[in-house]
Amino acid sequence: QVQLVESGGGLVQAGGSLRLSCTASGRTFDNYAMGWFRQAPGKEREFVASISGSGISTIYADSVKGRFTISRDNAKNTVYLQMNRLKPEDTAVYYCTRRNGRFPTLKITEYDYWGQGTQVTVSS
């Protein structure tokens, strides 16, 4: 059983920055792509970003491209989401997730383990 624990959420003003972290239990962390999704109240969970097991390849949702950066430190079993120039519409619960495969994808059905989520609130 893999456990994913997120941290780093909080309240920030529009234009500000936050960095989310997600640490995974278990071995062979670099065998798996990792992703971030988010869910706002009353909306479906949506893709934010994904990174390959090696960390070389990344993909982003159009809504965050150029503002968010996903990265990982395989020695620490940790994936990060650096969020800059935050907007009120970025307000959501952010979830870390592991893909059962090495390559990034935006398909939610490809992910098998999920963290508990961390709240990000951006005030205007």
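Check the entry above for the structure.
Residues numbered from 1 in each chain as written. Predicted model: local features only at pLDDT ≥ 70, side-chain atom pairs only at ≥ 80, totals over all residues. Heavy atoms only, no water.

### Regarding the packing of aromatic side chains
Scanning the model with the defined rule gives five aromatic pairs in all. Through a chain of ring-to-ring contacts, three or more aromatic side chains come together here, namely Phe37, Phe47, Tyr95, Tyr111 and Trp114. (Phe/Tyr/Trp six-rings, centres within 6.5 Å; stacked < 30°, edge-to-face > 60°.)

### A look at the pairing of strand 7 (residues 68-73)
A one-sided burial pattern is seen for strand 7, the buried positions being Phe68, Ile70 and Arg72 and the unburied ones Thr69, Ser71 and Asp73. In this sheet, strand 8 (residues 78-83) lies alongside strand 7 in antiparallel orientation, the contact comprising six bridges. Within strand 8, the position partnered with Phe68 by the bridge is Met83. (Buried < 20%, exposed > 50% of the residue type's maximum accessible area, 1.4 Å probe, protein only. Helix = DSSP H or I, 4+ residues; strand = E, 2+ residues; numbered from the N terminus. Pairing = 2+ DSSP bridges.)

### Considering the sheet that holds strand 3 (residues 18-24)
The strands making up a sheet associate through hydrogen bonds between their backbones, and the pairing can be parallel or antiparallel. Strand order in the open sheet made by the four strands is 1-3-8-7, with antiparallel pairing throughout. Among the strands making up the open sheet, the edge pair consists of strand 1 (4-7) and strand 7. Across the sheet, the axes of successive neighbouring strands diverge by a mean angle of 15 degrees, strand direction being ignored. Sheet analysis places strand 3 next to strand 8, joined by six bridges and oriented antiparallel. Paired with Ser21 across the strands is Tyr80, a residue of strand 8. (Axes fitted to C-alpha atoms, helices over the stretch in contact; angles between N-to-C directions.)

### What about the nonpolar core?
Grouped together as the largest cluster of nonpolar side chains are 30 residues, with contacts concentrated most on Trp36, Leu81, Met83 and Tyr94. The set of elements that each furnish at least two residues to this core consists of strand 3, strand 4 (34-39), strand 5 (46-51), strand 7, strand 8, strand 9 (92-99) and strand 11 (118-123). For Leu81, the contacting residues outside a window of four places in its chain are Leu18, Arg19, Leu20, Trp36, Val48, Ala49, Phe68, Thr69, Ile70 and Tyr94. (Core = buried A, V, L, I, M, F, W, Y, C linked by side-chain atoms within 4.5 Å. Contact = heavy atoms within 4.5 Å.)

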